[in-house]
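# Summary of structural features
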Amino acid sequence: QVQLVEPGGGLVQAGGSLRLSCAASGMLFRIRAMGWYRQAPGKQRECVAAISSAGSTNYSDSMKGRFTISRDNAKNTVYLQMNSLKHENTAVYYCNVVGWADRGTWGQGTQVTVAT
């Protein structure tokens, strides 16, 4: 059974940084493209960053230059380094395998709150 656990959120002041992590189990992590997603109150979940099995990365336009996605295949973990945080980055952040949105593999997510 696939499990995705995302600790690492919290409260941070605007302009600050946070590093999220997502530990995966129950799947062959190293062959999967992974993504970080966020869901703000009243909005749909959206992808903010993705990383291929080979390490190629993509970001939503609003995150480019501030967020960095990375992975450690030895630890079955994907990370999201978030810098220069803004109030509008407040959301619940999730990780998932790219393309698995309908497979019921979403974890609990982690709340990120950016205070002004």
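Below is a short write-up of the structure. (Residues numbered from 1 in each chain as written. Predicted model: local features only at pLDDT ≥ 70, side-chain atom pairs only at ≥ 80, totals over all residues. Heavy atoms only, no water.)

Bringing the state of the cysteines into the picture now. For the structure shown, the criterion picks out one disulfide. Here cysteine 22 engages in a disulfide with cysteine 95; their sulfurs sit 1.7 Å apart. Remark: cysteine 95 occurs in strand S9 (residues 91-97) and cysteine 22 occurs in strand S3 (residues 18-25); sequence separation between them is 73 residues. Among the cysteines around cysteine 47, which has no disulfide bond, cysteine 95 carries the closest sulfur, lying 11 Å off. Accessibility expressed as a relative area gives 36% for cysteine 47, which makes it partly exposed. (Disulfide = S-S within 2.5 Å. Helix = DSSP H or I, 4+ residues; strand = E, 2+ residues; numbered from the N terminus. Buried < 20%, exposed > 50% of the residue type's maximum accessible area, 1.4 Å probe, protein only.)

Right, let's get into the packing of aromatic side chains. Evaluation of the coordinates by the stated rule reveals two aromatic pairs. For the ring pair tyrosine 37 and tryptophan 106, a centre distance of 5.0 Å and an interplane angle of 85° mean the geometry is edge-to-face. With tyrosine 37 in strand S4 (residues 34-39) and tryptophan 106 in the loop between S9 and strand S10 (110-115), the pair connects residues that are 69 residues apart, well separated along the chain. Its relative accessible area of 12% is what places tyrosine 37 among the buried residues. Aromatic side chains tyrosine 94 and tryptophan 106 sit 5.9 Å apart centroid to centroid with 80° between the ring planes, which places their arrangement in the edge-to-face category. Of this pair, tyrosine 94 sits in strand S9 while tryptophan 106 sits in the loop between S9 and S10, and the two are 12 residues apart along the sequence. The class of tyrosine 94 is buried, set by a relative accessible area of 12%. Here the aromatic cluster, defined as three or more aromatic residues joined through ring pairs, consists of Tyr37, Tyr94 and Trp106. Positioned above the aromatic ring of tryptophan 106, the side-chain terminus of arginine 45 is 3.7 Å from the ring centre. (Phe/Tyr/Trp six-rings, centres within 6.5 Å; stacked < 30°, edge-to-face > 60°. Lys NZ or Arg CZ within 6 Å of the ring centre and 35° of its normal.)

Backbone-to-backbone hydrogen bonds join strands into a sheet, with any given pair of strands oriented parallel or antiparallel. Pairing in this open sheet of six strands is mixed, and the strands run S2-S10-S9-S4-S5-S6 from one edge to the other. At either end of the open sheet lies a strand with only one pairing partner, and these are strand S2 (10-13) and strand S6 (57-59). On average, adjacent strands in this sheet sit at an angle of 25° to one another, irrespective of strand direction. Sheet topology note: the S9/S10 ladder contains three bridges and is antiparallel. Each residue of the ladder has a partner; that of valine 92, found in S10, is glutamine 111. (Pairing = 2+ DSSP bridges. Axes fitted to C-alpha atoms, helices over the stretch in contact; angles between N-to-C directions.)

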